[in-house]
Amino acid sequence: MPDTTIATKPVLPPVAAKQPSSVTHHGITVADDYAWLRDPGYPKVKNKAILAHLEAENAWFESRMASQAGTVDALFKEMRARIKEADKSVPYKDGDWLYWIEFDEGAEYKKWWRRAVGAPDDGSADQLILDEPALAKGKDYFRLGALSVSRNGRLLAYSVDDNGSERYTVRIKDLETGKHLKDTIKGTLSSLVWVAGDTGLVYSLANEQWRTDNVRLHWLGKPARKDVELFHEDDEGFRASASLSANENWIIIGTGDHETSEVYLVPSDDPLAEPMLVRKREKGVEYDVDEREGTLFVHTNDRHENFRLATAPLADPANWTTLIEGTDAFYLTGFELFRDFYVIDGRLGGLDRIEIRYYDDPARVEPIEFPEQSYTAGVGSNPEWDSKTLRLSYESMVSPASTFDYDVASRELELLKVQEIPSGYDKALYATERLEIAARDGTAIPVSIMYRKDRVSPGPLYLYGYGAYGIAIPPGFSTTRLSLVDRGFAYAIAHIRGGDDLGRAWYKAGKLESRTNSFNDFVDVAKGLAERGLTEPGRIAIAGGSAGGELMGAVVNSDPHLWGAVVAHVPFVDVLATMLDASLPLTPGEWPEWGNPIEDKEAFELIRSYSPYDNVRAQEYPPMLVTAGLNDPRVTYWEPAKWVARLRELKTDDNELLLKTNMGAGHGGKSGRFQSLHETAEEFAFILWQMGVDSGLR
């Protein structure tokens, strides 16, 4: 019987219908012929024409990538072989129990285990407390949200999202009987905090606009409709959340946006008490708190943009006295309190720094020393108030992830686990550097780069960037990255302005009226790496997601000739229209980041000048792979769909332009560890194909 599958494959890319539409603000009219791709019933998408168009784009993606199926499969197998499939984390102690996670051979999701402290480590005392593979069975998408064990160790509260919409359902499991309680809370988007006595849970619901404007209390055994609202946030740009103080005495209610915050305290043994305000919100001032023995510790940027650490008596919580001054050199990102000492997190010269400090000796500072010049390190899971050791994580671009315990008294690091790579990894074959490239305004932009020592320059380069929300991109380890590096690529991370890699000023220099610095930095890093002989224009693959996808959209408009291939994951490219729509989930909270074009004409004009969708024009564009998630509440599916439609209309080249929409997923793509790995294999196969790089290992 003849094979007819080829005949059913599309031979031309989809062409979206043009339906004239426009909006007018500040006397300026903006046309949008593809606005119809937004389903008016969103978050439900049922419009047949829209779904048909997305399916047609997916069919085109499958058709064009069919020739690369062998490469995708080979890359996937190669990447999977670097993962220890049957693996477990290092147990950590919390009260009477040791907790850890395990992956079974071939499993997409993990299992959560515990055993009593002092019990034999032979498997006989191990207790499976949550089985993600069982919960995910039969589902196209599964993601565990929050997970919290009650203080007495008997009850486990957890939340699950099974469609990518990031609206989680909470269930509670009795760990002694293995049965679930009748309690169910739907539509949450938050942590789960047990009150003292384990009689109730504190959480937040996502409202119709996917905003957490509340903190609520659920009493066990009562229906969710009778839950009590402990706090309500009236500012639509703010988000409310709850956490527990390190000593577990206080429920900490925080609310804020990207530049302002406010904190309240509620006794964990009296959750219905009137919340105690720490300090009234002040525009531009951020702070977070914890408490020890009647003293509040306050991490705030009220006097220095790189934050200071202050203290205040619980009886007078707004009276802050500096404990650690803010400085230009050290970016104080956070702190953790323990009974006998506290820990400071920060970055010095863009590199992570962890310090042990003491309540009774403020001058005593003990930084934890790490072996490499470029690395990323962080404080791991340390749930116990009375702790003598500190669990830490460490990695670099050439050093696999490691878990350490740091003995606070002896100041010694004990290595507990190093990420195992079953197919083999020889660190000696690779090198990593931290470079500085001058941007067009003279600012030195840090770049972390990794490559094989036998790489021939100039060669292909993969350049990653994000540059928004004050999120730093650490120079960490990646097993998937090796699939490009072993094929002659250098892999670089551009630490551009907009992230907070070099402190809060670095973040501010890439937001609002300075937003275009992020785009210029990325382009200038690419040019600088070419000028240094590491690569050449046209041999640079670039990638970014979400706000990093906005970055991709901006730089393909401004400098299309530089890029050999572009991957934009769930890209935030329709910036102007999104910031003009206050009904969208994130918009009001995003105005401090991008500006409010509804009220501010200058913000309108600035966003319009760089918004990728609004600046597509008739020119040649590089090969591009774009992804979207139908259920994505962060970057709605129509942004990449509209962008691709306009690119198809205006671009003057025959280069590949592919759109893949996950019809059952959200912002993070596929949820399983191997499903997501397959998507990375597709991305890398696309890059190798479009850049003409041999997919066989050298």
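Residues numbered from 1 in each chain as written. Predicted model: local features only at pLDDT ≥ 70, side-chain atom pairs only at ≥ 80, totals over all residues. Heavy atoms only, no water.

1. Quick look at the overall build of the chain
Quick reminder of the rule: In this text, helices come from DSSP runs of H or I with a minimum length of four residues, and strands from runs of E with a minimum of two, each type numbered from the N-terminal end. The quantity called the radius of gyration is restricted to C-alpha atoms. Its globule counterpart is 2.2 Å times the number of residues to the power 0.38. Each residue is assigned to one of three classes by its accessible area relative to the maximum for its type, calculated with a 1.4 Å probe on protein chains only: buried under 20%, partly exposed between the two thresholds, exposed over 50%. The criterion used for residue contact is that any of the two residues' heavy atoms lie within 4.5 Å. With residues, only the protein chains shown are counted as cover, and all accessible areas are computed by Shrake-Rupley using a 1.4 Å probe. Charge counting treats Lys and Arg as positive and Asp and Glu as negative, with His and both chain ends excluded. Charge placement uses NZ in Lys and CZ in Arg. For Asp and Glu, CG and CD serve respectively.
The number of helices and strands found in the chain is 13 helices and 39 strands. Against the compact-globule benchmark of 26 Å for 698 residues, the chain has a radius of gyration of 26 Å, which places it among compact chains. Residue burial in the chain is summarised as follows: out of 698 residues, 56% are buried. Pairs at least 24 apart in sequence give 56% of the contacts found in the chain among residues at least 6 apart. As displayed, the chain offers around 28,700 Å² of accessible surface, 49% of which is attributable to carbon and sulfur atoms. If the 78 positive side-chain charges of the chain are averaged to one point and the 109 negative ones to another, these points end up 4 Å apart.

2. Comments concerning the sheet that holds strand E10 (residues 168–174)
Note the cut-off: A pair of strands is considered paired only if DSSP assigns at least 2 bridges between the two. In this analysis an axis means a line fitted to C-alpha atoms, helices contributing only their contacting stretch, and an angle means the value between N-to-C directions, from 0 to 180 degrees.
Ordered in space as E8-E9-E10-E11, the four strands form an open sheet in which the pairing is antiparallel. One side of each edge strand has no neighbouring strand; the edge strands of this open sheet are strand E8 (143–149) and strand E11 (180–188). When strand polarity is set aside, the average angle formed by the axes of neighbouring strands in this sheet is 20°. Where E10 lies against E11, four bridges are found, and the strand directions are antiparallel. Bridging across to E11, arginine 171 finds its partner in threonine 184.

3. Quick look at the packing of helix H7 (residues 516–531) against helix H8 (residues 547–558)
For clarity, the cut-off: Between 65 and 115 degrees an angle is taken as roughly perpendicular, under 35 as roughly parallel, over 145 as roughly antiparallel, and anywhere else as oblique. Put simply, a crossing is left-handed when the front helix is turned counterclockwise from the back one by less than a right angle, and right-handed when it is turned clockwise. Side-chain classes follow a simple rule in which Ala, Val, Leu, Ile, Met, Phe, Trp, Tyr, Cys and Pro form the nonpolar group, Asp, Glu, Lys and Arg form the charged group, and the remainder, Gly included, forms the polar group.
Two numbers describe how H7 lies on H8: the axes approach to 10 Å, and their chain directions differ by 65°. When the axis of H7 is compared with that of H8, the two are roughly perpendicular. For the element pair H7 and H8, the recorded crossing hand is right-handed. Contact residues: H7 offers Ser518, Phe519, Phe522 and Val523, while H8 offers Glu550, Leu551, Met552, Ala554, Val555 and Ser558. Here the contact of H7 with H8 is composed, by residue class, of seven nonpolar, two polar and one charged.

4. So, empty space enclosed by the protein
The method is simple in principle: a probe with the dimensions of a water molecule rolls over the atoms, and the space it marks as empty is what remains. Convention followed: Throughout, the protein atoms alone are placed on a 1 Å grid, and a set of points is a cavity if a 1.4 Å probe fits but cannot get out or a pocket if it is open with protein on both sides within 12 Å along at least five of seven lines; lining residues have an atom within 4 Å of a point. Grid points are joined across faces, edges and corners, and a volume is the space filled by probe spheres set on the points.
Scanning the entire structure with this criterion turns up one cavity of 30 Å³ or more. For the lining of the largest cavity, a count of residues per class yields five nonpolar, four polar and one charged.

5. Things to note about the pairing of strand E29 (residues 389–395)
Bridging between strand E28 (residues 376–379) and E29 involves four bridges; their strand directions are antiparallel. Within E29, the position partnered with glycine 378 by the bridge is serine 393. The sheet contact formed by E29 and strand E30 (residues 402–407) spans six bridges and is antiparallel. Bridge pairing in E30 links leucine 392 to phenylalanine 404. Connecting the antiparallel pair E29 and E30 is a turn made up of six residues.

6. Details of the confidence of the model for the chain
As a reminder of what qualifies: The pLDDT value tells you how sure the predictor is about a given residue, anywhere from 0 up to 100.
Confidence in the prediction of the chain, expressed as mean pLDDT, is 94, and 98% of residues score 70 or more. Considering only residues more than four positions removed or in separate chains, one finds that residues 1–7, a stretch of pLDDT under 50, has zero contacts.

7. Thoughts on the layout of surface pockets
In this structure, the second largest pocket encloses a volume near 480 Å³. Looking at the second largest pocket, it is lined by 23 residues, and the ones nearest its centre are Tyr42, Pro43, Lys44, Ser165 and Arg167. Partitioning the lining of the second largest pocket into residue classes produces nine nonpolar, six polar and eight charged.

8. A closer look at the side chain of lysine 173
The following threshold applies: Any Lys or Arg side-chain nitrogen located within 4 Å of an Asp or Glu carboxyl oxygen qualifies as a salt bridge. In the analysis that follows, any N or O atom pair within 3.5 Å is treated as a polar contact, provided that within protein one partner can donate a hydrogen and the other can accept it, and provided that, for residues neighboring in sequence, both atoms belong to side chains.
As for its position among the elements, lysine 173 is in strand E10. For the buried lysine 173, no salt bridge exists, and the shortest N-O distance to an oppositely charged side chain is 7.8 Å, to aspartate 131. At 3.0 Å, the side chain of lysine 173 forms a polar contact with the backbone oxygen of isoleucine 129. Residues in contact with lysine 173, not counting those within four places in the same chain, are Leu128, Ile129, Leu130, Arg154, Leu155, Leu156, Gly178, Lys179 and His180.

9. Here we look at the sheet that holds strand E24 (residues 330–337)
Picture the strands of a sheet paired through backbone hydrogen bonds; they go either parallel or antiparallel. Read across the open sheet, the four strands follow the order E24-E25-E26-E27; overall the sheet is antiparallel. This sheet does not close on itself; its edge strands, each paired only once, are E24 and strand E27 (361–367). Taken over all neighbouring pairs, the strand axes of this sheet differ in orientation by 30° on average, direction set aside. Here strand E26 (residues 351–358) pairs with E27 via four bridges, running antiparallel. By the bridge assignment, glutamate 355 is partnered in E27 with proline 367.

10. A short note on the pairing of strand E32 (residues 430–438)
A regular strand places its side chains on the two faces of the sheet in alternate fashion. Sheet analysis places E32 next to strand E33 (residues 444–452), joined by nine bridges and oriented antiparallel. Residue pairing across strands places leucine 435 opposite valine 447, the latter belonging to E33. Counted along the chain from E32 to the antiparallel partner E33, the turn is five residues long, and its residue glycine 442 has a positive phi close to 90°.

11. Examining the packing of aromatic side chains
Condition: Aromatic pairs are defined between Phe, Tyr and Trp rings, using the six-membered ring for Trp, whenever the two ring centres lie within 6.5 Å; interplanar angles under 30 degrees are classed as stacked, those over 60 as edge-to-face, and all others as tilted. Any Lys NZ or Arg CZ found within 6 Å of a ring centre and within 35 degrees of that ring's normal is scored as a charge over the ring.
If you walk through the whole model with that rule in mind, you get 25 aromatic pairs. Judged by centre distance (6.5 Å) and plane angle (45°), the rings of phenylalanine 307 and tyrosine 331 are tilted. A residue pair is termed long-range when its members are at least 10 positions apart, and phenylalanine 307 in the loop between strand E21 (295–300) and strand E22 (308–313) and tyrosine 331 in strand E24 qualify at 24 residues. For the pair shown, phenylalanine 307 and tyrosine 331 are each scored as buried. The interplanar angle of 45° and the centroid separation of 5.4 Å between the aromatic rings of phenylalanine 370 and tyrosine 375 together place this pair among those described as tilted. Among the aromatic residues, those joined into a ring-pair cluster are Phe370, Tyr375, Tyr394 and Phe404. The side chain of arginine 80 reaches across the aromatic face of phenylalanine 674, ending 3.8 Å from its centre. Between the NZ or CZ atom of arginine 279 and the centre of the ring of tryptophan 320, over which it lies, the distance is 3.6 Å.

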